[in-house]
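Take a look at the letters that make up each chain.
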Amino acid sequence: MEWIVIFGAGGHAQVIIDILELMGLYRIAGIYDDSPELVGKFIYGYPVLGLIGANSIIRKGIIGVGDNDRRASIAIKVGERMPDFEFISAIHPSAIVGRNVSIGPGVAVMAGSVINPNSVLQEHCVVNTMASVDHNCRLEPFSSIAPGAHLGGGVTIGTRSFIGMGATVIHNIHVGPDTVVGAGATVVSNLPSQVIAYGTPAKVTRSREVRETYL
Ligand SMILES: CC(C)(COP(=O)(O)OP(=O)(O)OC[C@H]1O[C@@H](n2cnc3c(N)ncnc32)[C@H](O)[C@@H]1OP(=O)(O)O)[C@@H](O)C(=O)NCCC(=O)NCCS
């Protein structure tokens, strides 16, 4: 088994750790986090080895942070500090992954989710608990779909965009980068970049800044 490290010590990291333990492919050496008070302590049974951005002897791992913008900035930080760092994906054994699905580095696919054929999950995407991605979808880098969200066939979710809990996006919709779809929305028309939209049918309610938190 190969040694890996995890970036982030919050609830999302806990879910990733569960998946990695079930996968049985890697040994977790420890966690890096931004909270100085956690360094030296044990979280979920693993030592917090240092702050994110510290040099790691182990050059393989995954980012366990749910916020898309934050995950993207950690990936940049790690890449600048350790250009040879290799990101792994975490796929829960109960997830159903169809034929010809492409899964990029750093991707997390949570329990009970379904990814149908010919879909592409680009680097550091998250398909959360019991969400589904139908055939021929594309999740661009650092985008995520929350627990119980569903994408019809041929949907594109732009870079760092987020589809909220239980939302539905009908087939062939394009969601631009850095957009947030609220929980429970029904998206029936394309959405531009950097907006918030919710409701049934989903309507754009306002624009948003790239770094604005949404979780
Ligand atoms: C949409 C969202 C990002 C908030 O956007 P916002 O522009 O900051 O909206 P506000 O919180 O200021 O709320 C504005 C109004 O919209 C309503 N509203 C907020 N989210 C809504 C949603 N998803 N659906 C319907 N109405 C919503 C609020 O109740 C409020 O109504 P009011 O003016 O009558 O009081 C957020 O509510 C949301 O749905 N986030 C996703 C959460 C999620 O899926 N988490 C999963 C974690 S894994």
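Residues numbered from 1 in each chain as written. Predicted model: local features only at pLDDT ≥ 70, side-chain atom pairs only at ≥ 80, totals over all residues. Heavy atoms only, no water.

Going by the annotation in an unreviewed UniProt entry, the name recorded for the protein is Acetyltransferase, with Exiguobacterium marinum given as the source organism.

Considering the domain arrangement of the protein
What the domain assignment lists for the protein is domain 1 (2–87) and domain 2 (90–200). Between domain 1 and domain 2, a total of about 1300 Å² is buried, with carbon and sulfur atoms accounting for 70% of that surface. Of all residues in domain 1, I19, N68 and R71 bury the most surface against domain 2, accounting for 37% of the area lost on that side. Our count for the domain 1 to domain 2 interface comes out at zero salt bridges. Connecting domain 1 to domain 2 are six residue pairs in polar contact (both at pLDDT 80 or more). Elements represented by at least two residues in the side of domain 1 that touches domain 2 include exactly α1 (11–23), β5 (60–63) and α2 (68–81). It is α1 that provides the largest number of residues to the side of domain 1 that touches domain 2, a total of seven residues. Taken together, the residues of the side of domain 1 that touches domain 2 break down into 11 nonpolar, two polar and two charged. (Domains from an automatic or database assignment. Buried area = accessible area lost by both parts, 1.4 Å probe. Salt bridge = Lys/Arg side-chain N within 4 Å of Asp/Glu carboxyl O. Polar contact = N/O pair within 3.5 Å; in protein donor to acceptor, adjacent residues only side chain to side chain. Helix = DSSP H or I, 4+ residues; strand = E, 2+ residues; numbered from the N terminus. Nonpolar A, V, L, I, M, F, W, Y, C, P; charged D, E, K, R; others polar.)

Examining the UniProt feature "domain: PglD N-terminal" (unreviewed entry) in the protein
Per the UniProt record, "domain: PglD N-terminal" (unreviewed entry) is found at residues 4–77. Between the end C-alpha atoms of residues 4–77 there is a gap of 17 Å, over a span that is 31% helix and 30% strand. (UniProt positions renumbered as here; feature names shortened; annotations may be inferred.)

Things to note about the nonpolar core
If you look at the biggest cluster of nonpolar residues, it comprises 29 residues, and the most contacted ones within it are V127, V133, L139, I145, L151 and I163. Aside from chain neighbours lying at most four places away, what touches I163 is S144, I145, A146, A149, L151, I157, V169, V175 and V181. Listed in part, the 20 residues of the second largest apolar core include A9, A13, I31 and I43. (Core = buried A, V, L, I, M, F, W, Y, C linked by side-chain atoms within 4.5 Å. Buried < 20%, exposed > 50% of the residue type's maximum accessible area, 1.4 Å probe, protein only. Contact = heavy atoms within 4.5 Å.)

Concerning unusual backbone geometry
Cis geometry marks the peptide bond from T200 to P201; its omega dihedral reads -10°. Here P201 lies in the loop between β24 (195–198) and β25 (203–207). Although it is not a glycine, M130 sits at a positive phi angle of roughly 55°. Structurally, the position occupied by M130 is in the loop between β13 (126–127) and β14 (132–133). The exposure class of M130 is exposed, given its relative accessible area of 57%. One non-glycine residue, D178, lies in the positive phi region at around 60°. Tracing the backbone shows D178 in the loop between β21 (174–175) and β22 (180–181). Among the residues examined, D178 registers a relative accessible area of 5% and is labelled buried.

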